Every structure is written in structure tokens, then in C-alpha cells.
Amino acid sequence: MTKKIHLNLFIHGRGHHEAAWRHPDASPLKLTDLAYYVDLARKAEAGLFDSVFLADQLAAGEDIPYAPRAWVEPVTLLAALAASTNKIGLIGTCSSTYTEPYNLARQFASLDHLSNGRVGWNIVTSWLAAAADNFGGGGQLSHAARYERAEEYMRVVTALWDSWSDDAVLDDRAAGIYARPGSIRPIHHEGPHYKVAGPLNLPRGPQGRPVFVQAGSSETGRRFAARHAEAVFTAQMEKTTAREFYADLKTLAAEAGRDPAKILILPGLSPVIAETQADAERLARELNELSNPAVGLKRLSNRFGGHDFSDLPLDKVLVPENFPDPGTVEAARSRTEVIIGLVRREQPTLRQLLGYLAGARGHFVTAGTPEQIADLIEDWFHDGAADGFNLMPPVLPSMLDIFVAEVIPLLQKRGLFRTGYEGDTLRQQFGLGRPAVTF
Ligand SMILES: Cc1cc2nc3c(=O)[nH]c(=O)nc-3n(C[C@H](O)[C@H](O)[C@H](O)COP(=O)(O)O)c2cc1C
């Protein structure tokens, strides 16, 4: 069977463009209305997407009056989506920094059971500095410390998911034996950050463990992904850097003793699509005109851990020296590298930079016809830049509708995308094996 493109739908606000919520094409539903999310997940399932994905942040954000976001808790929402869909994978973000490993292992095992094996965990260490104020107020852990803790975290949750053998449950009513003796084991974990006795309080899920997804792209983040991730989301602003990232991560995975084919790389793609190029560009302009530079500036500051950019003139050309050195940034380090890379390459003014970031926060943004978008996807896929894409429609649901109706059939016609689901679990859609119990 020839290799096929994988597609994930990243559901975010009323679309990924910062001003999407104001656009007439955006959904009229509230961001807390289950019907909104069910509709999107069902549409993605009708389009045969591998999965839907929910991000998460553990603080409201100071720009909330002008940039509405409702961070409905992902595990809760995915449980509702599990009941409203049948095949599509359900990927949720949960923080290794701010969640007890026993809670996380239990929630994701529960979701895996309730969805019949469709769950993925986006492992994040939480970059947003303000989150620390909601969890004890001891200040944000450094970038390095967060990743170091996450390593131990992975050992704990993996041991918990493996604490029941696959055949542990006998449920033998006649003999009066529910679980095979000796098949459920404590984990006795004692490390620098966690002390967890185990075992987990429910059987191993249909997938054994959730699919491990990761989205940190700094040097440390890549090494973490190479050891653990089975799918990787990444923000890349052009094909050249996407190819470099792809080659680097596949090499790191091989060096970590893994099969590089079992770590899928899915860069973000935010396409404005219309029947003609002129219409797509007009729509992109409409969105940009609705965005607010003050919101963009606040978001830029957050990415750099709170750095103040307010004294920079909006219309003066930027230079890399206008930004802190990414190596010193304890927040969204790799995204700051993406932003400074763009400044170095294209010398935008601050206004232009904010306009670009308004599109999809540093992911690849483009505008074109369905044919042009299918060409781009095919080109990145065949040119070693992607195993698939994290689709980030600029406006929801309209830009998902047109993608499913117009782009998917083109990809199918070219033999690049599935015409039916491969199986029932997310591991099957992603072409990944089921991990064996490790202890
Ligand atoms: C598509 C995508 C989705 C992400 N979702 C989240 C999220 O939901 N919550 C979060 O705290 N970080 C999220 N991140 C950020 C990363 O997980 C990571 O914390 C951040 O990039 C900083 O780590 P790094 O410097 O290694 O990249 C996301 C990144 C990408 C590319």
C-alpha cells in the first residue's frame, strides 16, 4: 500500500485567524456550545480525517476582552465527542507540569475505553507563564526544568498504563474471579519529582496507551519528541524549515533506537480557500483588516515570556536584535525561533509581523484555490517536509467545509488520501502498532 497523507483537524476558537470570531462566515454558536464541537468533529469524520485535536491553556489571558477564547477542558469535551462520533481519533492536550500523573493516566485510559481506542495525548509542559500563578504561584519552572520533569512523568504514566496485563480481566462469574491474580501490579515509582505506588484503578485501554503526540520544537523539545512522540505537531513558516525539521526529527528518532516511520510529522497549515485565487486573497484581506494590533502585541509578548515590545514603532523594519535571544526565553522557545527566523528572512515591520502572526500564530498560512492547496499538500508530502498536516482552518466551520468538499476529493483522486477508515482505533488510522506491556 502506498503511503497516505495523515490529516488532523485542530479545533480552535471560531477559526485560527485571530479575527475569525468577528467574520460573518464564522459560526454563530457560543464557544461553550457542545453542538459547535460535535458539528466540527462529525464534518472532519465525514472527510475521513485521522483525528481532531484540542489545545489547552491554563490561564485566561489578559487580552480576553478583545480575543475571545473559551478553553473548554479537553478531556471533558473529548468524552462528549467520543459519544457523537465513531471512527475519528480524539487528541487532547494535558500538561505534564500541572497535572498529577495518576489523574492524567486515569483520564486518558478512561477516554480510551469509552471511545473504543481513539485517544491521543498531546504532551505539553505548558509554556504560558501566567499558568504558574494558578497552580501555587511559585513562578514558572524553567524550560529545561519542565522538560526534565516531563521525562520522569512519562516513566510514571507509562508504568501506570502498563500496570494491568492485557488479559488481566477474566470477569469469570462462575468461578468468582474478576481479575487474574498477579496480572495487576503496583509500580512503586519513587523519583526526584513523583512518588506513585500504582497500579492504575482501571484496565489497560484498547490501544494499550494513548497515542503520544508532542508539539515542542526547540532543541530540547525535539529530543523529547524523538524519544516519546508518535505524532508531532510543529509550526513552520516555510517549506525549507519544515524539511530541515522533518529530517532532523527522523534522524533523532533513529538515533534514539526508533523506527522513523513511526513518528508522524504534521506541520500546521492554515489555508484560506476560495473558488478563485482573487476571492481567497480578498477573504484573507478581510480577516486581516478585522484584527487588532494591540491583541497581536500582547500575544507576541506572551510568547517571549512577557517581554515588553510596546516601545517598537509599528511601521519600522524589524531586526533580530529587537527580540530577546530565544535561548534565554523560558516560555514558547521554538515559536520565538520561528518568529525571529521570519524577521531575519523577510525584514517585516512590526505591523506586518503582527499581520502574519494573526493568521495562525506562526504556522504556515496561504490563500488559494482547492487545486492550489492540494498541490501544496502534495508537494510538501513528496518533498520530505511532512507526513501529513495539522489543518488549522482560518475560519470555522466555513474553511473546513470547503476543505472537505473540494480539497479532500482532489487528494483522493491523486491516490494521496484514504477513501475509507483503516480500522477503528487512532493507532490504526496513524499506522502505528499497539505497544506491549513493558513490565
Ligand atoms: C500545534 C501546536 C499545538 C500546541 N498546543 C499547545 C497547548 O495546547 N498547550 C500548551 O501549553 N502548549 C502547546 N503547544 C506548545 C508546545 O507544546 C511547547 O510547549 C512550546 O512550543 C514550547 O516548547 P518548545 O520550546 O520545545 O517548542 C503547541 C504547539 C504546537 C505547534
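Every residue gets a number counted from 1 within its own chain, in the order that chain's sequence is written. Given that this is a predicted model, residues contribute local features only at a pLDDT of at least 70 and side-chain atom pairs are listed and counted only at 80 or more, while totals for whole chains, interfaces and linings are drawn from all residues. Only hydrogens and water are set aside when side-chain values are computed; all heavy atoms of the structure are taken into account.

### Considering the site of the ligand
Convention followed: Working definition: residue near molecule or strand if any one of its non-hydrogen atoms lies within 4 Å of it. N or O atoms within 3.5 Å of each other form a polar contact, as long as, within protein, one can give a hydrogen and the other can take it, and as long as residues adjacent in sequence are counted only when both atoms are side-chain atoms. The Shrake-Rupley method, run with a 1.4 Å probe sphere, supplies the accessible areas, and residue values consider only the shown protein chains as cover. Helix and strand assignments come from DSSP, with helices taken as H or I runs of at least 4 residues and strands as E runs of at least 2, each series counted from the N terminus. Here the nonpolar group is Ala, Val, Leu, Ile, Met, Phe, Trp, Tyr, Cys and Pro; Asp, Glu, Lys and Arg are the charged ones; every other residue, Gly included, is treated as polar.
Lining the immediate surroundings of the ligand are 25 residues, of which Asp56, Tyr147, Ser217, Ser218 and Ser334 lie closest. A distance of 3.5 Å is found between a nitrogen atom of the ligand and a side-chain nitrogen or oxygen belonging to Trp127. Protein coverage of the free-state accessible area of the ligand, which is 620 Å², stands at 95%. For the shell around the ligand, the secondary-structure elements that each account for two or more residues are strand 4 (119–124), helix 4 (143–161), strand 10 (231–234) and helix 9 (333–346). Top element by residues in the shell around the ligand is helix 9. It accounts for three residues. Looking at side-chain class alone, the shell around the ligand contains ten nonpolar, twelve polar and three charged residues.

### Structural notes on the packing of helix 11 (residues 370–382) against helix 12 (residues 398–413)
Cut-off, in case you're wondering: Interaxial angle, 0 to 180 degrees, is taken between N-to-C directions of lines fitted to C-alpha atoms, where a helix line uses only the stretch in contact. Orientation categories follow fixed angle ranges, with anything under 35 degrees roughly parallel, anything over 145 roughly antiparallel, 65 to 115 roughly perpendicular, and all other angles oblique. Note on convention: near helix rotated counterclockwise from far helix by under a right angle means a left-handed crossing. Clockwise means right-handed. Any pair of residues with heavy atoms lying within 4.5 Å of one another is described as a contacting pair.
Relative to each other, helix 11 and helix 12 sit at 50°, their axes nearing to 9 Å. Considered as vectors, helix 11 and helix 12 are oriented oblique to each other. The crossing of helix 11 and helix 12 is right-handed. Facing Pro370, Glu371, Ile373, Ala374 and Ile377 of helix 11, the residues of helix 12 in contact are Phe403, Glu406, Val407, Leu410 and Leu411. Its residues placed into classes, the contact of helix 11 with helix 12 shows eight nonpolar, no polar and two charged.

### Some remarks on the packing of aromatic side chains
Let me state the cut-off plainly: Pairing of aromatic side chains requires ring centres within 6.5 Å, counting the rings of Phe and Tyr and the six-membered ring of Trp. Pairs whose planes differ by under 30 degrees are stacked, by over 60 edge-to-face, and all others tilted. Only protein chains enter the calculation, and the probe is 1.4 Å; a residue is then buried if its accessible area is under 20% of its type maximum, exposed if over 50%, and partly exposed in between.
Enumeration over the complete set of coordinates arrives at 17 aromatic pairs. Plain terms: the ring middles of Trp161 and Phe212 are 5.9 Å apart, the flat faces sit at 40° to each other, and that makes the pair tilted. On the criterion of sequence distance, the pair formed by Trp161 in helix 4 and Phe212 in strand 9 (residues 211–214) is long-range, its members being 51 residues apart. The residues Trp161 and Phe212 share a single accessibility class, namely buried. Grouped by ring-pair contacts, the aromatic residues Phe108, Trp121, Tyr153, Trp161, Tyr194 and Phe212 constitute a single cluster.

### Considerations on the pairing of strand 9
Short version of the rule: Strand pairing follows a simple DSSP-based rule, namely that at least 2 bridges must link the two strands. Handedness of a crossover: with both strands directed away from the viewer, a clockwise path from the first strand across the helix to the second marks it as right-handed.
With burial as the criterion, each face of strand 9 is covered, one bearing Val211 and Val213 and the other bearing Phe212 and Gln214. Strand direction decides the pairing type here: strand 4 and strand 9, joined by four bridges, are parallel. Residue Ile123 lies in a different strand from strand 9, and its bridge partner there is Gln214. Pairing of strand 9 with strand 10 involves two bridges; the strand directions are parallel. Bridge pairing in strand 10 links Gln214 to Val232. The parallel pair strand 9 and strand 10, bridged by helix 5 (residues 219–228), forms a crossover whose chirality is right-handed.

### Structural notes on the nonpolar core
Put simply, the rule reads: Residues belong to a common nonpolar core when they are buried Ala, Val, Leu, Ile, Met, Phe, Trp, Tyr or Cys residues joined through side-chain atoms within 4.5 Å.
With 83 residues, the main nonpolar core has Phe49, Trp121, Trp161 and Phe403 as its most contacted residues. Contact partners of Trp161, with chain neighbours within four places excluded, come to Leu104, Ala105, Phe108, Ala109, Trp121, Leu200, Arg204, Gly208, Arg209, Pro210 and Phe212. If you look at the next biggest cluster of nonpolar residues, it comprises 18 residues, including Leu312, Phe323, Leu342 and Leu357.

What is shown is where atoms sit, not what they do.
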